[in-house]
Amino acid sequence: MNLEEQAFAQEFIRLATDGDARGWHERNGGNLSYRLTAAEIEACTDCFYNTAPWNAIRTAVPVLGGSFFLLTGSGKCMRNVRFAPAENTGIIEINAAGNAYRLVWGLTDGKPTSELPTHLAVHALKCTGGKEGNRVIYHAHPAHLIALTFILPLDDALFTRELWEMDIENPIVFPEGIGIVPWVIPGSEAAAAATLEKMRSYRVVVWAHHGT
Ligand code: 13P
Ligand code: ZN
């Protein structure tokens, strides 16, 4: 079976396609990563190459040592993921120490998303817990939400309250509220650190003037 035909890859493609259909991913905006299960790694091992160089992870993530992630590439567009998964997405392997990664599949002419520091930091935080923890980190650029960050105070409680009042589903979907991070340089270690702090309390974090 082609790697693209695996159920997890199909679900990844579906999320990328859904996000694009909602208009949340102008050009290459947004990125997505998924932590493979042990069974999925096993099923894909024959598709993996081991020739790519190792790249340093500046803020090591020891708890993710030995993990594999399917993720979107930097500068790649969500709308293209479904047409050419191996060009627009790739799988990275994290070394045992959690301080380096290498590509093992896909991204034939590219590299992982520039937001990798935030993805890895948040995966490291959320990977523990029931049912082997959370596996998906999704970054989108929803225009209306971004517009609200130019209008509302950048305060977790106030912002959450306005969202709860705007849609009755919202308090059901995120009863714990959402965290707001003031504007940060995209792709930076500082963005990862600020997001990590908010993710200790929330499942959804908004980067002011940028996206979720
Ligand atoms: P990438 O194309 O590197 O994933 O960057 C898109 C983005 O949304 C940065 O915040
Ligand atoms: Zn972004």
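Residues numbered from 1 in each chain as written. Chains lettered and ligands numbered in written order. Predicted model: local features only at pLDDT ≥ 70, side-chain atom pairs only at ≥ 80, totals over all residues. Heavy atoms only, no water.

Draft legend 1. View of the site of ligand 1. Residues in close proximity to ligand 1 total 13 residues, the closest being Ser-74, Gly-75, Thr-113, Ser-114 and Glu-115. A distance of 2.8 Å separates an oxygen atom of ligand 1 from a polar atom in the side chain of Asn-28. His-210 is positioned such that a nitrogen or oxygen atom in its side chain is 2.9 Å from an oxygen atom of ligand 1. Considered on its own, ligand 1 offers 300 Å² of accessible surface; in the complex 92% of this is hidden by protein. (Near = heavy atom within 4 Å. Polar contact = N/O pair within 3.5 Å; in protein donor to acceptor, adjacent residues only side chain to side chain. Areas by Shrake-Rupley, 256 points an atom, 1.4 Å probe, with all protein chains shown as cover.)

Draft legend 2. Layout of helix α7 (residues 156-166). Of the positions making up α7, those classed as buried are Asp-156, Phe-159, Thr-160 and Leu-163. Viewed end-on, α7 has its buried residues packed into an arc of 100°, placing them on one side of the element. Opposite the buried face of α7, by more than 90 degrees, sit the exposed residues Ala-157, Arg-161 and Glu-165. Here the buried face of α7 lies against α6 (143-148), α8 (170-173), β7 (179-181) and α9 (189-199). Two or three places before Ala-157, at the opening of α7, Asp-155 has a side-chain oxygen 3.2 Å from that residue's backbone nitrogen. (Buried < 20%, exposed > 50% of the residue type's maximum accessible area, 1.4 Å probe, protein only. Helix = DSSP H or I, 4+ residues; strand = E, 2+ residues; numbered from the N terminus. Arc of directions from axis to C-beta. Contact = heavy atoms within 4.5 Å.)

Draft legend 3. Fine view of the nonpolar core. With 19 residues, the main nonpolar core has Leu-3, Phe-8, Leu-36, Phe-48, Phe-68, Leu-70 and Ile-91 as its most contacted residues. Every element with two or more residues in this core is listed here: α1 (7-21), β1 (31-35), α2 (38-44), β3 (68-72), α3 (78-81) and β5 (100-106). Counting residues per element, this core draws most heavily on α1, at five residues. Apart from the residues within four sequence positions on either side, Leu-36 is in contact with Phe-8, Ile-41, Phe-68, Phe-69, Leu-70, Ile-91 and Arg-135. Judged by nonpolar contacts, the second largest core, of 15 residues, contains Val-61, Phe-69, Ala-124 and Cys-127. (Core = buried A, V, L, I, M, F, W, Y, C linked by side-chain atoms within 4.5 Å.)

Draft legend 4. How the structure looks around the coordination of the zinc ion (ligand 2). Bound to the zinc ion (ligand 2) are the protein donor atoms His-139 (NE2), His-141 (NE2) and His-210 (NE2), situated 2.0 to 2.1 Å from the metal. Between consecutive donor residues of the zinc ion (ligand 2), the sequence gaps follow H-x1-H-x68-H. Residue classification places His-141 among the buried positions, given a relative accessible area of 14%. (Donors = N, O, S within 2.8 Å, 3.2 Å for Na, K, Ca; no water.)

Draft legend 5. Molecular detail of the pattern of salt bridges. Here the structure, examined in full by the defined rule, presents eight salt bridges. Between Glu-93 and Arg-102 there is a salt bridge, and its shortest N-O distance comes to 3.0 Å. Residue Arg-161 is joined to Glu-165 by a salt bridge in which the shortest nitrogen-to-oxygen separation is 3.1 Å. Of the two residues, Arg-161 and Glu-165 are both situated in helix α7; the distance of four residues between them amounts to about one turn of the helix. Glu-165 carries the same exposure label as Arg-161, and that label is exposed. (Salt bridge = Lys/Arg side-chain N within 4 Å of Asp/Glu carboxyl O.)

Draft legend 6. Region of interest: the side chain of Lys-126. Its location among the elements puts Lys-126 in helix α5 (residues 116-126). As a buried residue without a salt bridge, Lys-126 has its nearest oppositely charged side chain in Glu-176, at a separation of 7.1 Å. Once residues lying within four places of it in the same chain are set aside, the contact partners of Lys-126 are Gly-133, Asn-134, Met-199, Tyr-202 and Arg-203. (Lys, Arg positive; Asp, Glu negative; His and termini not counted.)

Draft legend 7. Seen up close, the sheet that holds strand β4 (residues 89-94). Spatially, six strands are ordered β2-β5-β4-β3-β1-β6 in an open sheet, and the strand pairing comes out antiparallel. At either margin of the open sheet sits one strand with a lone partner, and together these are β2 (55-56) and β6 (136-139). Here β2 pairs with β5 via two bridges, running antiparallel. Across the sheet, Asn-55 pairs through a bridge with Tyr-101, a residue of β5. Sheet strands in contact with α1 are β1, β3, β4 and β6, and its direction is about 160° off that of β1. (Pairing = 2+ DSSP bridges. Axes fitted to C-alpha atoms, helices over the stretch in contact; angles between N-to-C directions.)

Geometry only, nothing functional implied.
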